[in-house]
Number of protein chains: 2
Amino acid sequence: MRKISDSTVRRLSVYLRFLEQTKTPTISSRELARLGGTTSAQVRKDLSFFGSFGKRGLGYAVPELTRRIRDILGLERGYRVVLVGAGRMGGALVQYQGFKQRGFHITAIYDHDARKIGSRWNGLVVRDVTHLENDLKKDPSDIAIVATPAESAQQVVDRLVRSGVKAILNFAPVPLNVPADVEVKTVNMALELETLSYSLANR
Amino acid sequence: MRKISDSTVRRLSVYLRFLEQTKTPTISSRELARLGGTTSAQVRKDLSFFGSFGKRGLGYAVPELTRRIRDILGLERGYRVVLVGAGRMGGALVQYQGFKQRGFHITAIYDHDARKIGSRWNGLVVRDVTHLENDLKKDPSDIAIVATPAESAQQVVDRLVRSGVKAILNFAPVPLNVPADVEVKTVNMALELETLSYSLANR
DNA sequence: TTCTGTGAATAGGTTCACAGCT
DNA sequence: AGCTGTGAACCTATTCACAGAA
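Residues numbered from 1 in each chain as written. Chains lettered and ligands numbered in written order. Predicted model: local features only at pLDDT ≥ 70, side-chain atom pairs only at ≥ 80, totals over all residues. Heavy atoms only, no water.

Draft legend 1. Seen up close, the protein's contact with DNA strand C. Close contacts around DNA strand C come from 23 residues, with Ser29, Arg44, Gly54, Gly57 and Tyr60 of chain B the closest. Backbone sugar and phosphate groups make up 59% of those atoms of DNA strand C lying within 4 Å of the protein. Contact between DNA strand C and Arg56 of chain A: a sugar or linking oxygen at 3.0 Å from a main-chain N or O atom of the residue. Separating a base nitrogen of DNA strand C from a side-chain N or O atom of Lys45 of chain B is a distance of 3.5 Å. At the level of elements, α1 (6–19) and α3 (40–48) of chain A together with α3 (40–48), β2 (54–55) and β3 (59–61) of chain B are the ones that each hand at least two residues to the surface near DNA strand C. The element best represented in the surface near DNA strand C is α3 of chain A, accounting for four residues. (Near = heavy atom within 4 Å. Polar contact = N/O pair within 3.5 Å; in protein donor to acceptor, adjacent residues only side chain to side chain. Helix = DSSP H or I, 4+ residues; strand = E, 2+ residues; numbered from the N terminus.)

Draft legend 2. Representation of the nonpolar core. Counting residues in hydrophobic clusters, the biggest one holds 98 residues, and the most contacted among them are Leu93 and Phe99 of chain A together with Leu93 and Phe99 of chain B. Setting aside residues no more than four positions away along its own chain, Leu93 of chain A makes contact with Leu83, Phe99, Ile106, Ile145, Ala147 and Phe171 of chain A together with Met89 and Met189 of chain B. (Core = buried A, V, L, I, M, F, W, Y, C linked by side-chain atoms within 4.5 Å. Buried < 20%, exposed > 50% of the residue type's maximum accessible area, 1.4 Å probe, protein only. Contact = heavy atoms within 4.5 Å.)

Draft legend 3. Focus on the relation of the copies chain A and chain B. Expressed as a screw operation, the relation of chain A to chain B combines 0.0 Å of axial shift with a rotation of 180 degrees, fitting to an RMSD of 0.1 Å. The transformation relating the two chain copies, once decomposed into turn and shift, fits a two-fold axis. (Least-squares fit on C-alpha atoms with pLDDT ≥ 70 in both.)

Draft legend 4. Structural view of the sheet that holds β3 of chain B. Residues and elements named next belong to chain B. Strands sit in the order β1-β3-β2 across an open sheet of three strands; the sheet is antiparallel. The outermost strands of the open sheet, each flanked by one partner alone, are β1 (26–27) and β2. Looking at chain direction, β1 and β3 are connected through two bridges and run antiparallel. Looking across to β3, one finds that Ile27 is bridged to Tyr60. (Pairing = 2+ DSSP bridges.)

Draft legend 5. The arrangement of the sheet that holds strand β10 (residues 183–186) of chain A in detail. All names here are of chain A. Strand order across the open sheet formed by seven strands is β6-β7-β5-β4-β8-β9-β10, with mixed pairing between neighbours. The open sheet has two edge strands with one neighbour each: β6 (120–121) and β10. Across two bridges, the pairing between β6 and strand β7 (residues 124–128) is antiparallel. Directly across from Arg120, in β7, lies its bridge partner Val125.

Draft legend 6. Spatial organisation of the environment of Leu75 of chain B. Turning to its location among the elements, Leu75 of chain B is positioned in the loop between α4 (62–73) and β4 (79–84). Looking at Leu75 of chain B, the relative accessible area reads 2%, which means it is buried. Distance from Leu75 of chain B to Gly103 of chain B, taken between C-alpha atoms, is 7.0 Å for residues 28 residues apart in sequence. Among all residues touching Leu75 of chain B, those that are not within four sequence positions of it are Glu194 and Ser197 of chain A together with Leu16, Arg70, Arg102 and Phe104 of chain B.

What follows is the structure, given as structure tokens:
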């Protein structure tokens, strides 16, 4: 498949969110653009990479387009997700409704702090991170969320990679080294604040 | 000032993080690139937008470059930050050490849930969100973090904008409408997982 | 020789504008 | 007439490649 840009994929996600809330049977690229904060040409271009889903003069059939985008994004299947790091951030993520709604199910939580191991979090018992490889051998996961301190993130990621995890969402503020066939997204909140600082400083 | 791309600003943030950990007195664009996961030409280009900080044949003086980047990013001053939304995510953010380390000080927390108002969070008392405008009139903040449910985010943002906040870090999964002179960064975690899902589905 | 700073070349993403279907 | 699908034009970001300073 032709290489699709990250920005296109992110916009598809945004369109999907609005399509799921749309009550009309059809929607135009213009309206979808307005909702998603982009242009109608951009919407049409984004969709055109994957096919011709609209009807000229009419727009897009909402249920069909919804299904198509879910399919493109790979959301028709559900995902088992393991969480490593039972700190504050981990706690917030386990609770976060947005994940479950979209078919991402957190199936296990790991930490190495003895005080946390064994405690119950949202119905899941926090397990010792040393069990990670064995557990994943029995019950593989495609996706892991890393919410550990910066110091331990890389070593956790090495374990995850060895265990066959192919996609990692990283909240630790360090870039992670992974083989080419593993995808990492790092969310670095301090960095986001710094871009805001930059925009305040340069106006 | 000439328009600088968001990606350049983000990379400067990354370089800064590594410069602060570097022990050698000078560093080359090549080394900085290796650490930050980019190319040496990119590093030099990024820096060249702001001046000539290096010495040919030698590299960059670490303390000077650190200072320069902190200055470019506007990090030499500290920021007062208000947090709206005392849920799980808000809790994680209040605790997050990365903010304070970089000079972002959370000075107040707001919520509208009566059960949360008055409780103490990391030394701060959660205040009723209806006090927001008045409080900000007395003690202005440049930056706000919004960690409310999607439904209330826009109305909170409207209050913030009226109160003179110029930069918003948004964790609610909705695009926000703000005037052109207000900067918004939205961090949408479900969307990040969806880009991972896409990459798993299309390999 | 090493490594920066920077124009020039290339690649990539966005917008334009219009032919063509409904 | 209304709105999609898409090549072409445009604009922006990245990479190349080399002159020049240490």
